[in-house]
Amino acid sequence: MTKITADHLGRGAFVYIRQSTADQLLHNLESRRRQYGLADRARQLGWTTVEVIDDDLGRSGGGVNRPGFERLLAAICEGRVGAVFAIEASRLARNGRDWHTLIEFCGLVGTVIVDEDGVYDPRHPNDRLLLGMKGTMSELELSLFRQRSQEALKQKARRGALFLSVAAGYVRAGGDRIEKDPDKRVQEALNLVFVKFAEFHSVRQVHVWLRDEGIALPVACHRAAEGRSIVWKLPLYNTVHNILTNPVYAGAYAFGRTMSKVSVEDGRKRVKRGLRRPQSEWDVLLKDQHEGYITWSEFERNQRVIANNATGKGSAVTGAVRRGELLLAGLLRCGHCGRKMYVGYGGKAGRYYCQGALVNHGTARCISFGGLRADNAVGTEVLRVLKPLGIDAAVKALAAQTGEISAAQRQLDLALQEAHFAAAHARRQYDAVDPANRLVAGELERRWNKALQVVHQLQGEIAELEAKKPAPLGENERQHLMRLGADLELAWSHPAATAETRKRILRTALHEIVVRIEGGFIEMVLHWQGGDHTALQLKINGVGKHRWTVSEDTLTLIRELARLMPDQQIARLLNRAGKPTGRGNGWTKARVCSFRSHHGIAVYHESEWAERGEITLEAAAQIMNVSLMTALRMVRRGTVKGRQLCRGAPWVIKAEDLAAYREKPSRRPLTSDPSQQSLQFQ
């Protein structure tokens, strides 16, 4: 003990206490008592000032951040520490960096290190050598412990018998296998998650639906006193995502799905745990190990859907169904550069465009075109292919509507059954106690009343759902649904069919659409989910053209009618001819006037006919001194030249043609009957 001098005793003694894990804190109580007992030993050796540092309880000594150890080093550098007490070197450090830093600082300021074996002065070469060996052995011991434990875990995992925790919906059956939870409410709640995902194809939408319906999901809760138990909570997004991505629900055993990543930050080791690994890198994957809630093929399909919903994860994914009226978002791929196409909304209509070259290389955009015509063409083609399935879908919809109880009500019914059991159990406990023992009877009575309140609350929620439950479909509704199934085009354009519904239909049928623009045409290749391909070709609108543009023949007709009649009569004639405006409306005087102004067509003047040397059929009949019908027959037969733009338009006769007819010396009978006599009346 000559190594302890008055200088050491004049400074303080620091006792460093550490246990590596929370499990050691909970169960290794004697080890902690031994470490705290070092303070008494320090006093026995002559120190009056003893400080205990226990900030690092529950922290590993393998190089992670330890605030207590940092505080100890700071005190040593300040010269306040005469001796450092620890049971063994492994308590102070499990890595060479921390251990040798401690020895170096202690040697510089003359601090001794005391453990159960003796006192060591780092300034002495022999003590420094011995301390270095102890630190090396401590670091090696930790590596051996970790290696042996990890190999034992992996060996057990390869047999599919390692269960560090059990997911909600399963219980342990023996030490090396699991089976479905016998609780029917737990099973149906988990089945509901998978059913709704098959319907919505979105984790977020399933989560929102469960929250809106007030449906709680089972969550495994681990408490030290009670062990593992199931609690019911309104789901978080991560809860739904973990259920859909956990292979245990597909009857598979998986080990090594996550990994830890070690990095150095601020000179200290940082360990990030729980990083997901791709399925190809899992350590163990054993299929059909236990009864699953879904099949493995359904699990793989769900993972593909979730991966494709990851918007912003590159051009290989489709992305989730998002807001917006355009239906092909996420399905289009540029046939020129191979990049995924984007959607842009400017005003009421949207456009599809490829800007990959613009973003990556600063060059011009590949292609861009309006979305409405493309949506209509693809929708028509998909309806043509899916038409034979319409009746089958309608029949299934009828069966689902008539035979299915709402999921929310079913979950409430199961919760009510559980609440009735809890209330009956509380009543049996209350009946079994001696009424005179009020300390116990009062508490049991409170629990019974609480259970009855839960029953009453659930009954009220069920009654509220019953009141909101829609009436069953009548005969008219059934027939209407069957008509929609027989005519998919009617169902597609039905007001109740939203853009989101149409997008899901298209994504169910189509995998991808490759688009090119060549020679004024949009060339589309539809890649169906089954592997077939269909080619479509659409003509691109010219400059200034849009979907509300009036057809060329109507424009030509209005241009010529404007030289024959005023706007009011033009509107009447177009409406009788069944030629609507560009937006499908009827014509009015104001609309004809606006149309003329837009296309630079001059307004009609009454003197135009005379200036052009033209007369109407009525005027020609008066000049020839015949009836109007006679003049009409003469024009139709070609006796007198005339023209008519369309049915209902006025006949136009050139004045010179009428004059030439009158100058002819002989006239044929007005009828084709040669026996018809001409009678002259005086």
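Above this text sits the structure in question.
Let us now look at the overall build of the protein chain. What the protein chain contains, in helices and strands, is 27 helices and 22 strands. For the protein chain, with 682 residues in total, the buried portion stands at 37%. Of all intrachain contacts in the protein chain linking residues separated by at least 6 positions in sequence, the fraction that spans at least 24 positions is 59%. As presented, the protein chain carries roughly 39900 Å² of accessible surface, and 52% of it is formed by carbon and sulfur atoms.

Before going further, it helps to spend a moment on the pairing of strand E11 (residues 258-265). Note that E11 and strand E12 (residues 268-276) share seven bridges and pair antiparallel. Bridge pairing in E12 places Met 259 opposite Leu 275. Hairpin remark: E11 followed by E12, antiparallel, with two residues in the connecting loop; positive phi at Asp 266, about 55°.

With that settled, consider the packing of aromatic side chains. A complete count under the given rule lists 11 aromatic pairs for this structure. Judged by centre distance (5.6 Å) and plane angle (90°), the rings of Tyr 170 and Tyr 293 are edge-to-face. Here the residue Tyr 170 occupies a position in strand E6 (residues 170-172), and Tyr 293 occupies one in the loop between strand E13 (284-286) and helix H12 (296-308), the gap between them amounting to 123 residues. Taking relative accessible area as the criterion, Tyr 293 reaches 9% and is therefore assigned buried. Pairwise contacts between aromatic rings join Tyr 170, Phe 194, Tyr 249 and Tyr 293 into one cluster. The ring of Phe 69 carries the charged tip of Arg 66 above its face, separated from the ring centre by 4.3 Å. Above the face of the Trp 232 ring, Arg 185 is positioned so that its terminal group lies 3.7 Å from the ring centre.

Attention shifts here to the nonpolar core. In this structure, Val 193, Leu 210, Val 240, Leu 244 and Tyr 249 are the most contacted members of the largest nonpolar core, which totals 38 residues. Among the elements of the structure, helix H9 (184-200), helix H10 (203-213), helix H11 (237-245), strand E10 (253-255) and H12 are those that each provide at least two residues to this core. In terms of residue count, the dominant contributor to this core is H9 (eight residues). Apart from the residues within four sequence positions on either side, Tyr 249 is in contact with Ala 167, Ala 168, Tyr 170, Leu 190, Phe 194, Ile 243, Gly 292, Tyr 293 and Ile 294. Core analysis: the next-biggest nonpolar cluster, separate from the first, contains 27 residues, Leu 331, Ala 509, Ile 522 and Met 524 among them.

Take helix H21 (residues 552-561) next. Looking at H21, one finds that the buried residues are Thr 554, Leu 555, Leu 557, Ile 558 and Leu 561. Each buried residue of H21 lies within a common arc of 165° when the element is viewed along its axis, so the set occupies one face. Residues of H21 that are buried sit in contact with helix H22 (567-577) and helix H23 (589-599).

For the coordinates displayed, the defined rule picks out one cavity of 30 Å³ or more. Here the largest cavity defines a volume of roughly 40 Å³. If you trace the largest cavity, you find it lined by Ala 86, Glu 88, Ala 89, Leu 92, Trp 99, Ile 113, Asp 115, Tyr 120, Leu 131 and Lys 134. Of all elements in the fold, only helix H6 (89-92) and helix H8 (125-158) reach the threshold of two or more residues within the lining of the largest cavity. Class assignment for the residues of the lining of the largest cavity results in seven nonpolar, no polar and three charged.

What counts, and where the lines are drawn
- All residue numbers here refer to positions counted from 1 along the written sequence of the relevant chain.
- It should be noted that, the model being predicted, local features are given only for residues of pLDDT at least 70 and side-chain atom pairs only at 80 or more, the latter also being counted only at that level, while totals for whole chains, interfaces and linings use all residues.
- Where side-chain values are given, they derive from all heavy atoms of the structure, hydrogens and water being excluded.
- Per the convention used, a helix needs a DSSP run of H or I reaching at least four residues, while a strand needs a run of E reaching at least two, with both numbered from the N terminus.
- The buried label applies to any residue whose accessible area, calculated with a 1.4 Å probe on protein chains only, is under 20% of its type's maximum; exposed applies above 50%, and partly exposed to all values in between.
- Contacts are assigned to residue pairs that have any heavy atoms within 4.5 Å of one another.
- Accessible surface area values rest on a Shrake-Rupley calculation with a 1.4 Å probe, where residue burial reflects the displayed protein chains alone.
- Think of it this way: DSSP has to see at least two bridges between two strands before they count as a pair.
- The rule is short: rings of Phe, Tyr and Trp, with Trp giving its six-membered ring, pair when the centres are within 6.5 Å, and they are stacked under 30 degrees, edge-to-face over 60, tilted in between.
- Whether a charge lies above a ring is judged from NZ of Lys or CZ of Arg, which has to be within 6 Å of the ring centre and within 35 degrees of the ring normal.
- Buried Ala, Val, Leu, Ile, Met, Phe, Trp, Tyr and Cys residues form a nonpolar core when they are joined through side-chain atoms within 4.5 Å.
- Note that the arc is defined by the directions from the helix axis to the C-beta atoms.
- Here the term cavity refers to a set of points on a 1 Å grid, laid over the protein atoms alone, in which a 1.4 Å probe fits but cannot get out; the term pocket refers to an open set having protein on both sides within 12 Å along at least five of seven lines, with lining residues being those that place an atom within 4 Å of a point.
- Grid points are joined across faces, edges and corners, and a volume is the space filled by probe spheres set on the points.
- Ten residues, namely Ala, Val, Leu, Ile, Met, Phe, Trp, Tyr, Cys and Pro, are considered nonpolar, four, namely Asp, Glu, Lys and Arg, are considered charged, and the remaining ones, Gly among them, are considered polar.

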